[in-house]
Amino acid sequence: MLEVRGLTRRFGGLVAVNDLSFEVNEGEMIGLIGPNGSGKTTTFSMLSGALRPSAGTIAFNGERIDGLKANKVCRKGLARTFQVVQPFPDITATENVMIGAFVNVGAGRQAEAKAREMLERVGLTPKADTLAKELTLLQLKRLEIAKALATEPKLLLLDEVAAGLTSTEVDVMLQLVRQLNTEGITCIIVEHVMRFVMNLSHRCIVIDFGSQIAEGTPEEILNNPAVHAAYLGEEASIA
Amino acid sequence: MNFNFSGAVLSQAIASGIMLGGLFALISIGLTLIWGVMKIINFAQGEFLMVGLYLAYFLVAWGHIDPYITILVTVPFMFFFGIGIFRATISPILKDPVMNQIMLTLGVSLILQNLALMLFSANVQSVHTRYATWNIHIGPVVISAPQLIALFGSVICTLAVWYFLKTTDSGRAIRASAQNPTAATLMGIDVPRTYLLAFGLGSATLGLAGSLMIPFYYTQPTVGVFLGLIMFIVVVLGGMGNLVGCFVGGLVIGLAETVGAAVFPGSLARVFTFSIFIIFLLFRPQGVLSKRQT
Amino acid sequence: MSLKMPYIRILVVGALICLLPLVLDTFYMHIAVLVLIWAFLACAWNIIGGYAGQHSLGNGLYMGIGAYTVAYLVNRFALTPWVGLLVAIALSAAAAAFIGWIVFRYALKGAYFALVTIALTEAAVYVVSNIPALGGAGGMQMEYRGNSLAYMQFAGQSGYFYMGVLMVVFILLLTQWYKSKRFFYQLIAVRENEDAAEALGVDTVKAKIKANVMSGVLCAVGGVFYAQYFLYVGPRSVFGEVVSVQILIYAIVGGLGTTWGPVVGAVLLVPLSEIARGQLGNSLPGSQLLLSGVVMVLTMLFMPFGIIGAVARLRQRWQHRSATPLVDSQGGEAS
Ligand SMILES: Nc1ncnc2c1ncn2[C@@H]1O[C@H](COP(=O)(O)OP(=O)(O)OP(=O)(O)O)[C@@H](O)[C@H]1O
Ligand SMILES: [Mg+2]
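The rules behind each value
Residues numbered from 1 in each chain as written. Chains lettered and ligands numbered in written order. Predicted model: local features only at pLDDT ≥ 70, side-chain atom pairs only at ≥ 80, totals over all residues. Heavy atoms only, no water. Core = buried A, V, L, I, M, F, W, Y, C linked by side-chain atoms within 4.5 Å. Buried < 20%, exposed > 50% of the residue type's maximum accessible area, 1.4 Å probe, protein only. Phe/Tyr/Trp six-rings, centres within 6.5 Å; stacked < 30°, edge-to-face > 60°. Helix = DSSP H or I, 4+ residues; strand = E, 2+ residues; numbered from the N terminus. Lys NZ or Arg CZ within 6 Å of the ring centre and 35° of its normal. Near = heavy atom within 4 Å. Polar contact = N/O pair within 3.5 Å; in protein donor to acceptor, adjacent residues only side chain to side chain. Areas by Shrake-Rupley, 256 points an atom, 1.4 Å probe, with all protein chains shown as cover. Contact = heavy atoms within 4.5 Å. Buried area = accessible area lost by both parts, 1.4 Å probe. Salt bridge = Lys/Arg side-chain N within 4 Å of Asp/Glu carboxyl O. Nonpolar A, V, L, I, M, F, W, Y, C, P; charged D, E, K, R; others polar. Patch = residues over 30% accessible without salt bridge, like charges linked within 9 Å, V, L, I, M, F, W, Y side chains within 5 Å. 1 Å grid on protein atoms, 1.4 Å probe; cavity = no way out; pocket = protein on both sides within 12 Å on 5 of 7 lines; lining within 4 Å. Points joined across faces, edges and corners; volume = space filled by probe spheres on them. Donors = N, O, S within 2.8 Å, 3.2 Å for Na, K, Ca; no water. Pairing = 2+ DSSP bridges. Axes fitted to C-alpha atoms, helices over the stretch in contact; angles between N-to-C directions.

**Student:** Explain the nonpolar core to me, and be specific about the residues and the numbers.
**Tutor:** Core analysis: the biggest nonpolar cluster contains 262 residues, and A:F196, B:I27, B:W35, B:F43, C:W38 and C:L57 have the highest contact counts within it. Listed in part, the 24 residues of the second largest apolar core include A:F22, A:L32, A:V73 and A:L155.

Spelled out as structure tokens, the structure:
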């Protein structure tokens with residue numbers, strides 16, 4: 001469903017993502033992990049069209065999407081959440097999600113119904129009519145997912161949705177993402193909370209300094225010495 | 001359009017353009033500091049210049065003081081004038097959205113403009129000093145001495161502000177506060193006071209401009225409308241906060257005005273100036289001098 | 001609250017306003033017409049400035065295009081202003097689309113966007129001042145051809161008054177109607193967070209261009225009405241920075257991005273400044289604009305969300321205290 005070839009992004013002299021190639025099949029759950037600053041968010045930004053790749057190609061369902069603007073990519077069925085949450089602060093949670101719902105629905109009332117359904121899914125119904133700027137960070141993280149889901153994505157990029165959650169909250173989030181997958185949404189998961197990624201992923205891709213250093217099942221990754229070396233000294237210990 | 005003008009007309013246009021450019025650079029130094037460096041938006045900057053011009057005008061016309069001596073009054077007056085306005089209006093909303101600052105300072109400009117209209121009427125006011133007739137002839141080109149003095153003033157003021165920012169503690173505090181207010185506070189810099197100082201200085205340069213301009217320019221309540229827009233244009237052309245760029249930007253716009261006036265009929269040269277501005281904003285927002293950043 | 005309620009409120013207020021000519025004398029009727037003109041223009045600006053959050057300081061450009069188009073066509077070809085209106089709509093739409101396309105494609109924002117729009121409307125002043133066919137710096141006088149709807153000219157003020165009421169009611173209904181539509185949600189998304197809007201499938205450039213066209217065309221319509229009422233157009237009376245600021249000040253004081261804000265602002269400020277002009281105009285020229293400046297400064301200092309915003313916030317705080325839901329389910333904004 002997604003085919004990435006030679007994806008590269010430079011910021012001045014810094015190579016944030018270096019010649020990354022991978023594939024994602026329909027229905028898969030892919031973990032994309034790596035130490036801080038290894039280029040995960042940059043990769044997501046390029047996949048979603050927010051950032052132009054310096055080199056490389058991205059094909060989604062057999063169609064080149066690199067160079068397309070973010071809104072076009074989204075309307076093709078590839079949605080993302082932001083690691084640094086990006087709400088619309090001065091409107092309500094429902095209205096936030098309605099923006100996403102309008103990708104597929106024309107009428108306001110349908111969009112609102114859809115938005116409320118999405119808020120229900122992420123457990124934000126009690127806050128449906130609260131202004132986004134009055135939500136807590138955790139609520140905003142859920143709002144990110146609700147907004148992305150409202151666009152009815154076929155491929156969903158989740159950027160650290162479990163970061164900062166308590167153990168029980170991680171379980172709830174885990175449940176939610178797994179449920180999405182059974183509904184046929186393919187996911188790429190960027191996450192430092194290892195319990196979360198390892199439980200969900202069918203396959204993991206590990207990057208360090210922008211380059212891929214390993215790929216395999218969660219078990220293979222956990223036992224990979226190169227991965228351990230990359231994470232050495234990292235807070236989020238892999239074991 | 002009139003393209004077949006003589007070499008003499010062209011060389012005069014270029015010489016006048018350089019003079020006018022020096023003037024434009026002079027009035028834009030303050031905004032370079034305030035907006036370019038400190039990122040404070042002041043749409044009343046043109047009206048500050050109007051205040052400076054009126055002050056110089058009254059000192060010369062009524063006080064019979066030599067225009068170049070009035071600097072001793074106009075510069076400190078405009079310093080405190082700027083500080084007063086900043087304290088009362090801009091500083092409380094410094095953290096509000098950009099648009100609120102634009103609207104607020106537009107309001108200040110309306111107040112100043114119309115106060116001037118009430119107090120001094122809409123009449124164009126100018127002074128007649130002995131300097132007005134001093135001209136310098138270079139071949140076919142005539143340059144007026146007061147304009148040349150303004151050009152020198154512009155160069156000296158540019159160098160002085162540059163030296164101040166680079167070498168003095170207060171200057172370094174200004175740059176540090178502009179770049180990272182939090183870090184500057186941690187370093188023990190009194191950031192609010194630094195903003196006040198920068199704004200006051202940016203305003204004080206307009207006192208200097210007022211004194212240097214009054215021998216050959218005029219004043220009027222609306223004089224700041226066009227000159228204020230010119231300041232913004234020059235700062236953008238100069239690359240936002242680049243003092244040398246500001247000087248070059250001033251020259252570019254000065255030349256555009258005078259050469260434009262030789263080519264286009266009537267006041268259409270203005271349209272030429274505005275077009276240069278818009279084209280720059282769209283295609284070269286980093287200004288005339290600096291290299292493109294990625 | 002029923003969905004129909006906001007529409008009914010607009011119609012009822014519109015109907016009540018129609019009774020005013022029974023009680024107002026000529027001086028106040030003149031002020032009432034001015035209130036309607038500026039309320040309409042402010043509502044038009046509110047689309048690009050309030051909802052889309054792109055604070056154009058140059059909407060005088062479109063007002064001027066409307067006013068000059070109708071004045072020129074009526075004077076030169078003796079056409080009915082209604083044809084002029086159509087041409088004005090077409091011209092302003094083209095100008096707004098072209099300018100929007102250039103400016104938004106290059107992602108000009110904030111102060112830069114404001115400066116470009118000022119430069120454009122000021123450039124327009126110098127352009128028309130140099131075209132003799134458009135009356136040059138002196139502008140154009142239009143002839144009074146008689147009390148007739150076909151000429152869009154009326155003997156007294158009440159004709160203009162009722163037309164103004166119709167226009168304002170129309171623009172309020174339009175705004176209210178658009179509020180529940182995808183397009184306005186997209187504009188608000190653009191205003192609130194452009195990156196997030198793009199990521200949720202909003203073509204932000206297209207949305208901004210559309211808003212600019214809508215706002216520009218409506219400003220041009222306001223300009224046509226202005227020209228027909230004063231029977232005069234001049235470079236600085238319909239183009240330029242001062243006019244552009246006047247267009248937006250009522251929206252800002254009343255409440256940005258709200259249906260009624262621009263109207264509330266115009267209703268409060270236009271009479272105030274007209275009376276100031278009437279009382280002090282000769283002894284103290286500029287008192288009217290001075291007042292605008294003071295109001296603008298005070299608004300930004302103490303009420304940055306305008307009158308409607310301040311009222312909504314007070315009400316919210318009040319409701320918060322009595323522990324009822326913060327915002328009604330119709331959508332957050334005060335309407
Ligand atoms: N807009 C930018 N300009 C310059 N450098 C950038 C930019 N965005 C990211 N970088 C740099 O690119 C590198 C990769 O950043 P990125 O955010 O993709 O890392 P990440 O893997 O998501 O890290 P984290 O786990 O902390 O979220 C970092 O060194 C970062 O500083
Ligand atoms: Mg990241």
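**Student:** Help me get a handle on the packing of aromatic side chains, residues and values and all.
**Tutor:** Going through the model one piece at a time under the given rule, you end up with 38 aromatic pairs over all chains. Ring geometry for B:F274 and C:Y126: centres 6.2 Å apart, planes at 45°, overall tilted. Of the two residues, B:F274 is situated in helix α11 (residues 269-283) and C:Y126 in helix α5 (residues 110-129); the pairing between them involves two chains. B:F274 sits in the buried class, given a relative accessible area of 1%. In this structure C:Y126 comes out as buried when scored by relative accessible area, which is 11%. Linked through ring pairs, C:W38, C:F154, C:Y160, C:F225, C:Y226, C:Y229, C:F230 and C:Y250 together constitute an aromatic cluster. Taking NZ or CZ as reference, C:R313 lies 3.8 Å from the ring centre of C:F305, over its face.

**Student:** Before we move on, can you summarise the site of ligand 1 with the specific residues and values?
**Tutor:** Residue and element names in this part refer to chain A. Around ligand 1, the surrounding shell holds 13 residues, and the nearest of these are N36, K40, T41, T42 and H192. Between ligand 1 and G39 there is a distance of 2.9 Å, counted from an oxygen atom to a backbone nitrogen or oxygen. A distance of 2.9 Å separates an oxygen atom of ligand 1 from a polar side-chain atom of Q83. When isolated, ligand 1 has an accessible area of 640 Å², and the protein chains bury 61% of it. Mapped by element, the contributors of at least two residues to the shell around ligand 1 are β2 (14-24) and α1 (40-47).

**Student:** Describe the interface of chain B and chain C, with residues and values.
**Tutor:** Contacts between the two partners involve 41 residues from chain B, matched on the other side by 38 residues from chain C. Summing the contributions of chain B and of chain C, the shared interface buries around 3,500 Å²; its carbon and sulfur component is 84%. Of all residues in chain B, the largest losses of buried area upon contact with chain C belong to B:M103, B:M118 and B:L282, amounting jointly to 18% of the total for that side. Here chain B and chain C share 0 salt bridges between them. Taken together, the links from chain B to chain C amount to 1 residue pair in polar contact (both at pLDDT 80 or more). Taken together, the elements giving at least two residues each to the side of chain B that touches chain C come down to α3 (71-90), α4 (98-120), α9 (223-238) and α11 of chain B. Among the elements that line the side of chain B that touches chain C, the one with the most residues is α4(B), at 15 residues. Tallied by class, residues from the side of chain B that touches chain C come to 33 nonpolar, 6 polar and 2 charged.

**Student:** Run through a nonpolar patch on the surface, naming residues and quoting values.
**Tutor:** On the surface, a nonpolar cluster with roughly 760 Å² of combined accessible area is contributed by C:M5, C:I8, C:V12, C:L16, C:L19, C:L20, C:L22 and C:V23. Tracing the backbone shows C:M5 in helix α1 (residues 5-17).

**Student:** Run through the pattern of salt bridges, naming residues and quoting values.
**Tutor:** Opposite charge on two side chains permits pairing when their charged atoms draw close. Taken as a whole and judged by the stated rule, the model has 22 salt bridges over all chains. With its nearest N and O atoms 3.7 Å apart, the salt bridge here joins A:K69 to C:E198. Of this pair, A:K69 sits in the loop between β5 (63-64) and α2 (70-75) while C:E198 sits in helix α8 (residues 194-199), which puts the two residues in different chains. You can call A:K69 partly exposed: its relative accessible area is 36%. Relative accessible area serves as the criterion here: at 10%, C:E198 is assigned to the buried category. A salt bridge links C:D203 to A:K72; its shortest N-O distance comes to 3.7 Å. Of this pair, C:D203 sits in the loop between α8 and α9 (204-230) while A:K72 sits in helix α2, on two different chains. By relative accessible area, which is 36% here, A:K72 ends up partly exposed. Beyond isolated ion pairs, a larger network of salt bridges with shared partners links A:K69, A:K72, C:E198 and C:D203.

**Student:** Residues and numbers for empty space enclosed by the protein, please.
**Tutor:** Scanning the model with the defined rule gives 5 cavities of 30 Å³ or more in all. Estimated volume of the largest cavity: approximately 190 Å³. Taken together, 17 residues form the lining of the largest cavity, with B:F43, B:E47, B:L106, B:S109 and C:E241 sitting closest to its centre. Contributing elements (two or more residues each) for the lining of the largest cavity: α2 (45-61), α4 and α9 of chain B together with α5 and α11 (241-254) of chain C. The biggest single contributor to the lining of the largest cavity is α9(B), with 5 residues. Considering only residue class, the lining of the largest cavity consists of 10 nonpolar, 5 polar and 2 charged. Volume-wise, the second largest cavity comes out at about 60 Å³. Surrounding the second largest cavity, C:S56, C:G58, C:N59, C:L61, C:Y62, C:I99, C:F113, C:T117, C:L120 and C:N212 form its lining.

**Student:** How would you sum up the environment of B:P140? Please name residues and give values.
**Tutor:** All names here are of chain B. Position of P140 relative to the elements: it lies in the loop between β1 (135-138) and β2 (141-144). Separated by 133 residues in the primary sequence, P140 and G7 place their C-alpha atoms 9.5 Å from one another. If we ignore the near neighbours within four places in the chain, the residues touching P140 are A8, S11 and Q12.

**Student:** Describe in detail the coordination of the magnesium ion (ligand 2), supporting the description with residues and values.
**Tutor:** Taken together, A:T41 (OG1) and A:Q83 (OE1) make up the full set of protein donors to the magnesium ion (ligand 2), lying 1.9 to 2.1 Å away. Of this pair, A:T41 sits in helix α1 while A:Q83 sits in the loop between β6 (78-80) and α3 (93-101), placing them 42 residues apart in sequence.

**Student:** Got a sec to walk through unusual backbone geometry? Specific residues and values, please.
**Tutor:** One non-glycine residue, A:E152, lies in the positive phi region at around 55°. Turning to its location among the elements, A:E152 is positioned in the loop between α5 (137-150) and β7 (155-159). Residue classification places A:E152 among the partly exposed residues on the basis of a relative accessible area of 42%. Look at B:S121: it is not a glycine, yet its phi comes out positive at around 65°. Mapped onto the elements of the fold, B:S121 is located in the loop between α4 and β1.

**Student:** Describe the sheet that holds β7(A), with residues and values.
**Tutor:** Residue and element names in this part refer to chain A. Strand order in the open sheet formed by 6 strands is β6-β7-β8-β3-β9-β10, with mixed pairing between adjacent strands. In the strand order of this sheet, the two ends are held by β6 and β10 (211-216), each with one partner. On average, each strand axis in the sheet is tilted by 20° relative to the strand beside it, whichever way the strands run. In this structure, strand β3 (residues 29-33) lies alongside strand β8 (residues 186-190), joined through 4 bridges in parallel fashion. Considered in β8, the bridge of G31 is made with I189.

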